[in-house]
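# Structural features, examined
Chain by chain, the residues run as shown.
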Amino acid sequence: MEFSPRYDVRVNTPAGRRGSPATAKIRALHRKAQRLRWAVFGGIVCTILAIWVLASISAMSLRHAAMRNAISNADNLAASFDDELTHTLGIISATINAIAWHIRSEGDSFNLYRWAQAYPLLTDQRIYVGIINPKGMLVATTQSPYPARRYVGYRDHVAHLLHVATNGLYIGRPLLAPAVGALEIPIARRVTAKNGRFLDIVSAIVPPSTLTTLGDTVDLKNDGTITLVGLDHVVRARFSRADPTGLKGIGQSVAGGPEPVAFPVNAAGHFIRTSVVDHVRRLFSYHRVGAYPLVVYAGFDLHNIYAEADEQSTLTYSLAATMTVLLSLLGIYLFREIGIRTMRE
């Protein structure tokens, strides 16, 4: 009966005894095959790990680049809103100052209605300008030559200026304008004589849409916003693709969260938070509007910021997964081939 060499090694024949040249050769081949298997296994594992590390670094880099780009765009948008608002408020402030000068010069004989006909800003029916005396009575308007006197001292901005001696514009919290049935923004200032005596209050009531045209000219994309907030953290206007009129969220407080508590003159920066108006998480860039008591926010939805980067990352991870499967199959094939060649030898 004949035995194969393989079987002959496993039995205690002279050719298979410990220490024989055949046994030593077989053991050497097995050790070589084992080392080769470990080398293949290590190489494939290291390659797979390198692929996934590179894919993760690529995904993080894409997200960081998307965030840097979004911060730049939000900052530019906030700066544009700041510039436009500064220009608009400058016109309103100059008009109010002109009215204040006439009040000081002409006193009760000043006819606001007749004087206003020469100024395009004051003939705009959307803008309501009035003079309020120290008792809180509305005594003149740009809407009528002989307005009915009525008490308006209960309104927030009027009550503030009646009791607090301040210089410059006061931009109050939004109030309901009876004529249009919508919230509008009061912009007012105290008028004092040269000796400091309190004369009147000049008040302009303007709809949010008159402050900026960016809501119509800039593509805010989905869930992008431009918001005007007072130093008291109350929303004065909020523009979005869904509401270009600026009325949604008006009057709400956005205090708290990561935004600054105080905004020095010309302050600027950015932060991330969930909106208290629609609960969308956004990147916000803010600019203080010069010395005015206002801050502009430009907000971009984080989901939209990362959408393109995440899409590219998904493709990268899919490629990494495909390469992992192929390398694993290659490893299985090489293990098998090493075993077969070892047995042949």
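Counting starts from 1 at the beginning of each chain's written sequence and moves along it residue by residue. Totals for whole chains, interfaces and linings use all residues, but because this is a predicted model, local features are given only for residues with pLDDT of at least 70 and pairs of side-chain atoms are given and counted only at 80 or more. The basis for the side-chain values is all heavy atoms of the structure; hydrogens and waters are excluded.

### Some remarks on the pattern of salt bridges
Under the convention used in this document: Here, a salt bridge means any Lys or Arg side-chain nitrogen found within 4 Å of an Asp or Glu carboxyl oxygen. For the exposure calls, accessible area comes from a 1.4 Å probe over protein chains only, and a residue counts as buried if that area is under 20% of its type's maximum, exposed if over 50%, partly exposed in between.
If you walk through the whole model with that rule in mind, you get six salt bridges. In this structure, Asp 232 engages Arg 236 in a salt bridge whose closest nitrogen and oxygen atoms are separated by 2.6 Å. Judged by its relative accessible area of 30%, Asp 232 falls in the partly exposed class. We note a salt bridge from Glu 259 to Arg 273, for which the minimum N-O separation is 2.8 Å.

### Observations concerning the sheet that holds strand β10 (residues 268-274)
Where we set the bar: At least two bridges found by DSSP between two strands are what make those strands a pair. Secondary structure elements are defined from DSSP: runs of H or I of at least 4 residues count as helices, runs of E of at least 2 residues count as strands, and each element is numbered from the N terminus. Axis geometry follows a simple rule: fit a line to the C-alpha atoms, using only the stretch in contact for helices, then measure angles between N-to-C directions, giving values from 0 to 180 degrees.
What the five strands build is an open sheet, ordered β9-β8-β12-β11-β10; its pairing is antiparallel. Two strands close off the open sheet at either side, each with one partner strand: β9 (235-240) and β10. Each neighbouring strand pair of the sheet contributes to a mean axis angle of 20°, computed without reference to strand direction.

### A word on the packing of aromatic side chains
As a reminder, the rule being used: Pairing of aromatic rings covers Phe, Tyr and Trp, the last through its six-membered ring, and needs centres within 6.5 Å; plane angles under 30 degrees mean stacked, over 60 mean edge-to-face, and all others mean tilted. Placement of a positive charge over a ring is assigned whenever Lys NZ or Arg CZ falls within 6 Å of the ring centre and within 35 degrees of the normal to the ring plane.
As enumerated under the stated definition, the model contains 12 aromatic pairs in all. An aromatic cluster is defined as three or more aromatic residues linked by ring pairs; in this entry it consists of Phe 263, Phe 271, Phe 284, Tyr 286 and Tyr 297. If you follow Arg 63 out to its NZ or CZ, it ends over the ring of Tyr 306, 3.9 Å from the centre. The residue whose ring lies beneath Arg 190 is Phe 198, and the NZ or CZ to ring-centre distance is 3.9 Å.

### Description of the pairing of strand β12 (residues 294-301)
Where burial is concerned, most of β12 is hidden: eight out of the eight residues are buried. Here β12 shows a buried face lined by Leu 294, Val 296, Ala 298 and Phe 300 and a second buried face lined by Val 295, Tyr 297, Gly 299 and Asp 301. Pairing of strand β8 (residues 225-230) with β12 involves six bridges; the strand directions are antiparallel. By the bridge assignment for β12, Leu 228 is matched with Val 296. The turn joining strand β11 (residues 281-288) and β12, which pair antiparallel and follow one another in sequence, is formed by five residues; a positive phi near 50° is taken by Gly 290.

Take it as geometry only, folks, not as evidence of what the structure does.
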